[in-house]
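# Survey of secondary and tertiary structure
What follows is the residue order along each chain.
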Amino acid sequence: MADQLVENPLNGEYEPLKMYFPDEEVSFIGEDIAEIYDGWRIFFEEATNFKGVGIGVVLVSETGQHYLVSTKLNFPCTNNMAEYEACILGLRFSIDMNIPELMVIGDLDLLVHQVLGEWATKNTKILLRLHCVQDLIKRFTKIKFKHVPRIQNEFVDALATLSSMIQHPDKNFINPILIEILKQPAYCVHV
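These notes cover the structure that comes with them. Nothing here was measured: the structure is a model prediction, and the numbers come from that model. (Residues numbered from 1 in each chain as written. Predicted model: local features only at pLDDT ≥ 70, side-chain atom pairs only at ≥ 80, totals over all residues. Heavy atoms only, no water.)

## Side note on the side chain of Asp107
Test applied: Numbering of helices and strands starts at the N terminus; helices are DSSP runs of H or I of at least 4 residues and strands are runs of E of at least 2. The classification of residues rests on relative accessible area computed with a 1.4 Å probe and restricted to protein chains. Under 20% of the type maximum is buried, over 50% is exposed, and intermediate values are partly exposed. In this description, contact between two residues means that some pair of their heavy atoms is separated by no more than 4.5 Å.
You can see Asp107 is positioned in the loop between β4 (101–106) and α4 (109–115). Owing to a relative accessible area of 12%, Asp107 belongs among the buried residues under this scheme. The residues touching Asp107, leaving out its near neighbours within four places in the chain, are Glu45, Glu83, His147, Val148, Pro149, Arg150 and Asn153.

Right, dumping it as structure tokens:
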């Protein structure tokens, strides 16, 4: 896009753009997650707008069956905090479905590297959520984390966006993680 704008500067009167985009109908070319992993997969995402913060999870079975979960967060948080909340929701959902092996797929590189122990964090709000994810991971016999481009997370992104925009009754919100930890110590024990 930058190259396109440089080649078509505005000098005086407006003229239509003259550059051809040969692959304008192609939005992504890359590996297909279904082809490289034939087991259970979860995709997670957050969406923030002026109406609130929503999170979504799509759990995909070995046979391709999709299970959807989304909710709205009932507390102010950063995008990174919300992304962790979405991951936690997905892991809990997978545990509730008794799934022993799982591929966890998200588009936040930071989260994936922190969970894998490759990057550190000193942010206490993120650290609390990281510990929760690490505790949930222990409940699986095999688990992998994979970062994908945002374009491969479109479906769950749409789900999270819808959830962020809809006014849910109070009972459908997720409370801050400290409250959840105190309510459900079986999931996360770090306080």
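## Points about the layout of surface pockets
Note the threshold: In the cavity and pocket records, a cavity denotes points on a 1 Å grid over the protein atoms alone where a 1.4 Å probe fits but cannot get out, a pocket denotes an open set with protein on both sides within 12 Å along at least 5 of 7 lines, and lining residues are residues with an atom within 4 Å of a point. Grid points are joined across faces, edges and corners, and a volume is the space filled by probe spheres set on the points. Polar here means any residue outside two lists: the nonpolar Ala, Val, Leu, Ile, Met, Phe, Trp, Tyr, Cys and Pro, and the charged Asp, Glu, Lys and Arg; Gly therefore counts as polar.
Estimates place the volume of the second largest pocket at around 150 Å³. Arg41, Phe43, Val58, Val60, His66, Ile151, Gln152, Asn153, Glu154, Phe155 and Val156 together form the lining of the second largest pocket. Counting only elements with at least two residues in the lining of the second largest pocket, the list comes to β1 (41–49), β2 (52–60) and α6 (154–165). No other element matches the three residues that α6 contributes to the lining of the second largest pocket. Within the lining of the second largest pocket, the residues separate by chemical class into six nonpolar, three polar and two charged.

## Quick word on the pairing of β1
Defined as follows: A strand pair is defined by DSSP finding two or more bridges across the two strands.
By the criterion of burial, β1 is predominantly enclosed, with seven of the nine residues buried. Hairpin connection of β1 to β2: two residues between the antiparallel strands. With three bridges connecting them, β1 and β4 associate as parallel partners. Residue pairing for β4: Phe43 is matched across the bridge by Ile105.

## Side note on the nonpolar core
Considering soluble globular proteins, one finds that nonpolar side chains tend to be buried as a cluster. This is how the line gets drawn: Here, the term nonpolar core denotes a set of buried Ala, Val, Leu, Ile, Met, Phe, Trp, Tyr and Cys residues that are joined through side-chain atoms within 4.5 Å.
In terms of nonpolar packing, the biggest core is built from 36 residues, with Cys87, Leu91, Leu102, Val104, Val115, Val133 and Phe145 touching the most fellow members. Every element with two or more residues in this core is listed here: β1, β2, β3 (66–73), α3 (79–96), β4, α4 and α5 (124–137). Take this core: its biggest share by element is 10 residues, from α3. In contact with Leu91, not counting residues within four places along its chain, are Ile42, Leu102, Val104, Val133, Leu136, Phe140 and Ile143. Within the second largest apolar cluster, nine residues are counted, among which are Tyr37, Val58, Val148 and Leu159.

## Examining the environment of Val133
Position of Val133 relative to the elements: it lies in helix α5. Judged by relative accessible area, which is 0%, Val133 ranks as buried. C-alpha of Val133 to C-alpha of Tyr84: the two residues are 49 residues apart in sequence and 7.9 Å apart in space. Non-local contacts of Val133, meaning those with residues more than four positions away in its chain, are made with Tyr84, Cys87, Ile88, Leu91, Val115 and Phe145.

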